[in-house]
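# An overview of the molecular structure
Letter by letter, the chains look like this.
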Amino acid sequence: MGMAFRDTSIFLEGNVNLTHTINRFSFGTPTDDSDDETLANDYQAATKATKASQTRHKIKSHWNYETEDPLDGVEKISTTTGQYLYFLQVVPTTLRRGYQTVDFEQYSVTEVFRPIEIGPSMEDLPGLFFRYDMNPIRVDVQYKRQPFLRFLVRTSAIIGGVFAFSNLIHRLLEHAQDRLRPRSRKAL
């Protein structure tokens, strides 16, 4: 059961500065290097950072799949009091090539700013709010090399289709030309 703290007296003195910078925001195992000094002090966090570095290296060099978290480096400067709402859709993703697999989470974000009037009868509190939905569908990206014979068959099919279509156009134009050409009278 959740509870909310609704003491609005701290907001009555003036504007609330909601200027913020999001340095890093991700779900699950990070796919990026982390330079955060506080992580280096914790053994588990250091292990995660090492794994994250390895995961990023795998994804970028071996998989040729660029991942970028949309909220990394976002900076907002607040001029009025309000609510910054970030609606996130989190999608689990699996990359497969042969017997190798990398699992990570991607997300998309929609951001909304709602100005709020400060007063004794405030209904909403100013602040930053992150609301996220976990997508029940997993994206599965598979890299498979196409056999050379299949490539030849598909290329032949494309070339055959081009010839068949050009023959159809040629016959239609020839038929239209015969219809539009005046008929010559045959001598009796």
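Right, let's walk through the structure included here. (Residues numbered from 1 in each chain as written. Predicted model: local features only at pLDDT ≥ 70, side-chain atom pairs only at ≥ 80, totals over all residues. Heavy atoms only, no water.)

## A short note on the overall build of the chain
Selection rule: What counts as a helix is a DSSP run of H or I of at least four residues, what counts as a strand is a run of E of at least two, and both are numbered from the N terminus. For every residue, the accessible area (1.4 Å probe, protein chains only) is compared with the maximum for its type, and the residue is labelled buried under 20%, exposed over 50%, or partly exposed between those bounds. We call two residues in contact when some of their heavy atoms are within 4.5 Å. Areas reported here follow the Shrake-Rupley algorithm with a probe of radius 1.4 Å; residue values treat only the protein chains shown as occluding.
Of the regular secondary structure elements, the chain holds three helices and six strands. When the elements of the chain are put in sequence order from the N terminus, they spell out β-α-α-β-β-β-β-β-α. With 188 residues in all, the chain has 23% of them scored as buried. Restricting the contact set of the chain to residue pairs at least 6 apart, pairs at least 24 apart contribute 76%. A total of about 15,000 Å² of accessible surface is found on the chain, and carbon and sulfur atoms cover 54% of it.

## Some remarks on a nonpolar patch on the surface
The cut-off we apply is this: Only residues whose relative accessible area exceeds 30% and that form no salt bridge are eligible for patches; like-charged ones are grouped when within 9 Å, while nonpolar side chains (Val, Leu, Ile, Met, Phe, Trp, Tyr) are grouped when within 5 Å. For this analysis, a salt bridge means a side-chain nitrogen from Lys or Arg found within 4 Å of a carboxyl oxygen belonging to Asp or Glu.
A cluster of nonpolar residues, Phe 148, Leu 149, Phe 151, Leu 152 and Val 153, forms a patch on the protein surface that exposes about 540 Å² of accessible area. Mapping Phe 151 onto the fold places it in helix H3 (residues 148–180). Judged by its relative accessible area of 43%, Phe 151 is partly exposed.

## Quick look at the pairing of strand S3 (residues 82–97)
The side chains of a regular strand alternate between the sheet's two faces. Rules: Criterion used throughout: strands pair if DSSP finds at least two bridges between them.
Of all 16 residues in S3, twelve are buried; the element is thus mostly enclosed. Bridge analysis of S3 against strand S4 (residues 100–115) gives 16 bridges, and the strand direction is antiparallel. Counterpart to Pro 92 in the pairing with S4 is Glu 105. Linking two consecutive strands that pair antiparallel, namely S3 and S4, is a turn of two residues; a positive phi of about 65° is found at Gly 98 within it. Here S3 runs beside strand S5 (residues 127–134); their pairing, made up of eight bridges, is parallel. Its bridge partner lying in S5, Gln 89 is registered against Asp 133. In the sheet, S3 pairs with strand S6 (residues 139–143) via five bridges, with the strands oriented parallel. What sits directly across from Arg 96, in S6, is Gln 142.

## Concerning the packing of aromatic side chains
Given two aromatic rings, their pairing is described by the distance between the two centres and the angle made by the two planes. Keep this limit in mind: Within 6.5 Å between ring centres, the rings of Phe, Tyr and Trp (the latter by its six-membered ring) count as paired, and their orientation is classed by plane angle as stacked under 30 degrees, edge-to-face over 60, tilted in between.
Per the counting criterion, the structure on display carries five aromatic pairs. A ring pair is formed by Tyr 86 and Phe 130, whose centres lie 5.1 Å apart and whose planes are at 10°; its orientation type is stacked. Note that Tyr 86 is positioned in strand S3 and Phe 130 in strand S5, a separation of 44 residues in sequence. Relative accessible area serves as the criterion here: at 1%, Tyr 86 is assigned to the buried category. Residue classification places Phe 130 among the partly exposed positions, given a relative accessible area of 33%.

## A short note on the side chain of Thr 93
Definition in use: Under this definition, polar contacts are N or O atom pairs within 3.5 Å; protein pairs additionally need one hydrogen-donor-capable and one acceptor-capable atom, and for neighbouring residues in sequence, both atoms have to be side-chain atoms.
Within the secondary structure layout, Thr 93 lies in strand S3. Within polar-contact distance, the side chain of Thr 93 engages the backbone oxygen of Val 91 at 3.4 Å. Within the local environment of Thr 93, its side chain forms a polar contact with the side chain of Gln 106, the two groups lying 2.9 Å apart.

## Points about the pattern of salt bridges
Counted by the stated rule, this structure contains five salt bridges. Residue Lys 76 is joined to Glu 111 by a salt bridge in which the shortest nitrogen-to-oxygen separation is 2.5 Å. Of this pair, Lys 76 sits in strand S2 (residues 74–76) while Glu 111 sits in strand S4, and the two are 35 residues apart along the sequence. Among the salt bridges present, the one from Arg 138 reaches Asp 103, with a minimum N-O distance of 3.8 Å. Within this pair, whereas Arg 138 is found in the loop between S5 and S6, its partner Asp 103 is found in strand S4, the two being separated by 35 residues in sequence.

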